[in-house]
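# Architecture and fold: a report
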Amino acid sequence: MEETRGRVTRDGIRIYEDADFAGMRLAGQVAAEILDSVSALVRPGVTTGELDDFIRTEVERRGAVSATIGYKGYQHASCISLNQVVCHGIPGSKIPGRSSDVVQDGDILNIDVTVIVDGWFGDTSRMYGAGAVKPWRKRLIEVTHEGLMRGIAAVKPGNTFGDIGHAIQTHVEAARMSVVRDFCGHGLGRVFHAPPNVLHYGRAGSGAVLEEGMFFTIEPMVNLGRPETKVLKDDWTAVTRDGRDSAQFEHSVGVTATGCEIFTLSPGGLFFPAL
């Protein structure tokens, strides 16, 4: 779908109108509701294929459209990434290092959902734990979530995209973890991906200046070890090169006159998992 609304900055970033916030708010809430609803299913013994089937049904039940089914040949309503998988894990596929897609006790997993509601894209992901999660995995999840929230706190007119990345990077590296460089957040609205690229690392004061009416995702991926990743032979699944665990949280936000609005807040307060 070609984007035609609002004006575009010299950096190619679209500036939306006040009325457009309502469309993003609705799409974001539908995506967040779906991630709330899948929470009760995440447990040892469930398969990633079963989780995706549930999500697909939930998307259809709400009268929404999955943005990922058919996207560049992808055929699933979610991405589900466990443990050392950084992002784009394919539901129903063998979990790296295992013979099946069965979730085991102690696993951590990111579930990423994007829906289209009345032409607007709602994009969000969050972490879940299955069974008894080890302390270092809990700590990884805590650091990643706090990094996201610090990045969001830097969103206001006059700040820069470098300020967002700097806020995330400094927090993560102070915890002796690393920020993935190979993937980033992105603009969205009535299209899935658009400028800008939202880096989760950077120098304060650098990059494009934030303006009221910008819509984009912030979705830091944080590794326990080194930041390098590699993509498996399926051309989707990205894993850590050193085999250590990774975590990710994602919100879609819009810049307001005084800060930002988070479009993908969990209605049930479930965005940060109780582990």
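Report follows, based on the coordinates. Predicted model, so just to flag it, every value in this text is computed and none were measured. (Residues numbered from 1 in each chain as written. Predicted model: local features only at pLDDT ≥ 70, side-chain atom pairs only at ≥ 80, totals over all residues. Heavy atoms only, no water.)

### Thoughts on the overall build of the chain
In plain terms, the rule: Elements are defined by DSSP. Helices are runs of H or I of four residues or more, strands are runs of E of two residues or more, and each kind is numbered from the N terminus. Throughout, the radius of gyration refers to the C-alpha atoms, and the reference size of a globule is 2.2 Å times the residue count to the power 0.38. Accessible areas in this description were obtained via Shrake-Rupley with a 1.4 Å probe; residue shielding takes into account the shown protein chains only. By the counting rule applied here, Lys and Arg register as positive and Asp and Glu as negative, while His and the ends of each chain are not counted. For this purpose, a charge sits on NZ of Lys, CZ of Arg, CG of Asp or CD of Glu.
What the chain contains, in helices and strands, is 4 helices and 17 strands. Relative to the globule expectation of 19 Å for 275 residues, the C-alpha radius of gyration of the chain, 17 Å, shows essentially globular dimensions. If you line up the chain on its principal axes, its C-alpha atoms span 50 × 45 × 35 Å. As displayed, the chain offers around 11,500 Å² of accessible surface, 49% of which is attributable to carbon and sulfur atoms. Between the centroid of the 28 positive side chains of the chain and the centroid of its 34 negative side chains there is a distance of 6 Å.

### Comments concerning the sheet that holds strand β15 (residues 246-248)
Applied cut-off: A pair of strands counts as paired when DSSP detects no fewer than two bridges linking them. Only heavy atoms matter for contacts: two residues are in contact if any of them lie within 4.5 Å across the pair. Axis angles are defined between N-to-C directions and span 0 to 180 degrees, where every axis is a line fitted to C-alpha atoms and, for a helix, only to the segment in contact.
Across the sheet, 3 strands lie side by side as β8-β12-β15; this open sheet has antiparallel pairing. Only two strands of the sheet have a single partner each, and these edge strands are β8 (178-179) and β15. The pairing of strand β12 (residues 221-223) with β15 spans 3 bridges and is classified as antiparallel. Considered in β15, the bridge of valine 222 is made with alanine 247. Where helix α3 (residues 135-153) meets the sheet, it contacts β12 and β15, and its direction lies at approximately 35° from that of β15.

### Quick look at the pattern of salt bridges
Formally: Any carboxyl oxygen of Asp or Glu that lies within 4 Å of a side-chain nitrogen of Lys or Arg is treated as forming a salt bridge with it. Only protein chains enter the accessibility calculation, which uses a 1.4 Å probe; a residue is then buried when its area is under 20% of its type maximum, exposed when over 50%, and partly exposed in between.
All told, the structure shown has 12 salt bridges when counted by the stated rule. The closest approach of N and O atoms between glutamate 58 and arginine 61, which form a salt bridge, is 3.1 Å. Separated by 3 residues within a single helix, glutamate 58 and arginine 61 lie in helix α2 (residues 48-61), roughly one turn from each other. Since its relative accessible area comes to 8%, glutamate 58 is described here as buried.

### Thoughts on the sheet that holds strand β14 (residues 238-240)
With respect to topology, 3 strands assemble into an open sheet ordered β5-β14-β13, the strand pairing being antiparallel. The sheet is open, and its two borders are formed by β5 (85-87) and β13 (229-231), each paired with just one other strand. Averaged over all pairs of adjacent strands, the angle between their axes in this sheet comes to 40°, without regard to strand direction.

### Comments concerning the environment of glycine 165
Within the secondary structure, glycine 165 is located in helix α4 (residues 161-174). If near-sequence neighbours (up to four positions away) are discounted, glycine 165 is found in contact with Leu199, His200, Tyr201 and Gly202.

### Some words on the pairing of strand β7 (residues 120-129)
Within β7, 9 of the 10 residues are buried, which leaves the element mostly enclosed by the surrounding structure. Bridging between strand β6 (residues 108-117) and β7 involves 10 bridges; their strand directions are antiparallel. Residue pairing in the sheet places isoleucine 108 in a bridge with glycine 129 of β7. From the end of β6 to the start of β7, which pair antiparallel, there are 2 residues, and aspartate 118 there has a positive phi angle of about 55°.

### A few points about the packing of α3 against α4
So the rule is basically this: Reported orientations rely on four angle classes, namely roughly parallel under 35 degrees, roughly antiparallel over 145, roughly perpendicular from 65 to 115, and oblique for the rest. Helix crossings fall into two classes, left-handed where the near helix is turned counterclockwise from the far one by less than a right angle and right-handed where it is turned clockwise. Three classes are used: nonpolar for Ala, Val, Leu, Ile, Met, Phe, Trp, Tyr, Cys and Pro, charged for Asp, Glu, Lys and Arg, and polar for all others, with Gly counted as polar.
Contact geometry for α3 and α4: axes closest at 8 Å, N-to-C directions at 155°. For the element pair α3 / α4, the angle class is roughly antiparallel. Helix-helix and strand crossings are classified by hand; for α3 and α4 the assignment is right-handed. Across the interface between the two elements, Val143, Glu146, Gly147, Arg150 and Gly151 from α3 touch Ile164, Ala167, Ile168, His171 and Val172 from α4. Of the residues belonging to the contact of α3 with α4, the class tally is 5 nonpolar, 3 polar and 2 charged.

### As for the side chain of serine 78
Definition in use: Polar contacts here mean pairs of N or O atoms no more than 3.5 Å apart (in protein, one a potential hydrogen donor and the other a potential acceptor; neighbouring residues in sequence count only if both atoms are side-chain atoms).
Its place among the elements puts serine 78 in the loop between β3 (65-66) and β4 (79-82). Separated by 2.7 Å, the side chains of serine 78 and aspartate 52 make a polar contact. Residues contacting serine 78, with those up to four places away along its chain left out, are Asp52, Ile55, Thr68, Pro91, Ile111, Asp112 and Val113.

Limitation: the analysis is restricted to geometry and does not speak to function.
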